[in-house]
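Here is how the chains run, residue by residue.
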Amino acid sequence: MRHLLSAADLDLAEVTSILDVAEDMHQVQSRPVKKLPALRGRTIVNIFFEDSTRTRTSFEIAGKWLSADTVNVSAKGSSVSKGESLRDTMLTLDAMGVDCFVIRHSSSGAAAQVASWVKARVVNAGDGQHEHPTQALLDAYSMRQHFRAQAPVTAGPEQGSTEFAGKRIAIVGDLLHSRVVRSNVLLQRTLGSEVVLVAPPTLLPTGIETWGCEVTGDLDAVLPSCDIVMMLRVQRERMAGGYFPTAREYTERFGLTEERLAAMKPGAGICHPGPMNRGVEISSAAADAANSLVLDQVAAGVAVRMSVLYHLLGSDEGADQ
Ligand code: CP
């Protein structure tokens, strides 16, 4: 794997390898000395043109724990604010000998465009409304841990299958503006789960009927049959018009309220990529419930990003390119 731009870049063997190595990386998190020498001498630039708490911090921690040199660049404070183009900015940084760029940008396709310009490897940390592949990987990691805790396996899944086979995953909310849903649908297809998408008609992306998922506006009908319920943030900053009458009405129809929490399948897990709008798409009762995986997802973010960086930069082949 040269870059990670889309969840569709990964076949089942690659996804499994990333999740398995992330399990080893997860051990580092509980050690007093959180350092592995794997990426010593490598330089990773995290360049974020959009705000982030989880992704930027976890990529920085991941790089540091693997002993890489990590540098953070944001549009504010760089020469981008003086009008330098994305291409000139990336070529300038690339000329400094960077090994890997982790990039977030508001334009769909920006990471792929950057990958076509630079010599360094590129990880898409979110491009507009397009994709966020490491989010889908960390979601899958958290779900896999949850499935294993629910039904400890004595033998692994059959050859060519995964713990996700036969599982039903609901992704609920603002699908229109979500890069997380696109990456999750692609990754879950590879892993073999069944994804059901739940949203009001105004928040359905064009062409969703080609995604190969069940689509519904009736959250109450699907809730009791799902093994994972992933709530998406209502992205008000990307909404120019009125996509629903009021936040209260949205919550009534699409929020994971305390009442809906009680209607979930026993043992089902709750995911949210964050940041959460408590009281809008998710109640505090659900966000903080015993079956909420929200903080597991955050912890998994570091381990999975360590694994992704290791897969991109950790081999001799990577060192030569
Ligand atoms: N889930 C996610 O991408 O969060 P941040 O915007 O805080 O990175």
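Below you will find a few notes about this structure. For every chain, the first residue of the written sequence is number 1, and numbering continues from 1 along that sequence. Residue-level local features of this predicted model are given only where pLDDT is at least 70; pairs of side-chain atoms are given and counted only at 80 or more, and the full residue set underlies all totals for whole chains, interfaces and linings. Excluding hydrogens and water, the side-chain figures rest on all heavy atoms present in the structure.

So, the packing of aromatic side chains
Phase 1: What counts as a ring pair is set by centres within 6.5 Å for rings of Phe, Tyr and Trp (its six-membered ring), and what kind of pair is set by the plane angle: stacked under 30 degrees, edge-to-face over 60, tilted for all other angles. Applying the stated criterion to the full structure yields 3 aromatic pairs.
Phase 2: Seen from their ring centres, phenylalanine 147 and phenylalanine 164 are 5.5 Å apart, and the 80° between their planes marks the pair as edge-to-face. Of this pair, phenylalanine 147 sits in helix 5 (residues 133-150) while phenylalanine 164 is found in the loop between helix 5 and strand 5 (168-172), placing the two residues 17 residues apart along the sequence.
Phase 3: For every residue, the accessible area (1.4 Å probe, protein chains only) is compared with the maximum for its type, and the residue is labelled buried under 20%, exposed over 50%, or partly exposed between those bounds. Classification of phenylalanine 147 as buried rests on a relative accessible area of 7%.
Phase 4: Ring centres of phenylalanine 244 and tyrosine 250 lie 4.8 Å apart, and the angle between their planes is 40°; this geometry places the pair in the tilted category.
Phase 5: Every member of this aromatic cluster is reached through a ring pair, and the members are Phe244, Tyr250 and Phe254.
Phase 6: Directly above the ring of phenylalanine 147 sits lysine 167, whose terminal nitrogen or CZ lies 4.8 Å from the centroid. Secondary structure elements are taken from DSSP: a helix is a run of H or I of four residues or more, a strand is a run of E of two residues or more, and numbering for both begins at the N terminus. Whether a charge sits over a ring depends on NZ of Lys or CZ of Arg being within 6 Å of the ring centre and within 35 degrees of the ring normal.

Things to note about the sheet that holds strand 4 (residues 121-127)
Phase 1: A pair of strands is treated as paired once DSSP finds two or more bridges between them. The parallel open sheet is built from 4 strands, whose spatial order is 2-1-3-4. Of all the strands in the sheet, just strand 2 (69-74) and strand 4 have a single pairing partner and so form its edges. Between one strand and the next, the sheet's axes are offset by a mean angle of 15°, whatever the strand orientation.
Phase 2: Two elements, strand 3 (residues 100-105) and strand 4, share 5 bridges in a ladder whose sense is parallel. The residue bridging isoleucine 103 from the neighbouring strand is asparagine 124, located in strand 4. With axes taken as lines fitted to C-alpha atoms, and helix axes fitted only over the stretch in contact, angles between N-to-C directions fall between 0 and 180 degrees.

What about the site of the ligand?
Phase 1: Close contacts around the ligand come from Ser52, Thr53, Arg54, Thr55, Arg104, His132, Gln135, Pro273 and Gly274, and that covers them all.
Phase 2: Between the ligand and the protein, one listed contact pairs an oxygen atom with a backbone N or O atom of threonine 53 at 2.8 Å.
Phase 3: In protein, a polar contact means a hydrogen-donor-capable atom and an acceptor-capable atom, both N or O and within 3.5 Å, with residues adjacent in sequence counting only if both atoms are side-chain atoms; elsewhere, any N or O pair within 3.5 Å suffices. Contacts to the ligand include histidine 132, whose side-chain N or O atom sits 2.9 Å from an oxygen atom.
Phase 4: Working definition of accessibility: Shrake-Rupley area with a 1.4 Å probe, residue cover restricted to the visible protein chains. Burial of the ligand by the surrounding chains reaches 91%, relative to a free accessible area of 260 Å².
Phase 5: Put plainly, a pocket is an open set of points on a 1 Å grid over the protein atoms alone with protein on both sides within 12 Å along at least five of seven lines, a cavity is a set where a 1.4 Å probe fits but cannot get out, and a lining residue has an atom within 4 Å of a point. Should more than half of a molecule's atoms lie within 2 Å of a pocket's or cavity's grid points, that molecule is taken to sit in it. Comparing atom positions with the cavity grids shows the ligand to sit within the largest pocket.
Phase 6: When residues are sorted by character, Ala, Val, Leu, Ile, Met, Phe, Trp, Tyr, Cys and Pro go into the nonpolar class, Asp, Glu, Lys and Arg into the charged class, and all the rest, Gly among them, into the polar class. Among the residues forming the shell around the ligand, the class breakdown is 1 nonpolar, 6 polar and 2 charged. Near is defined per residue: the residue qualifies when any heavy atom it owns lies within 4 Å of the molecule or strand.

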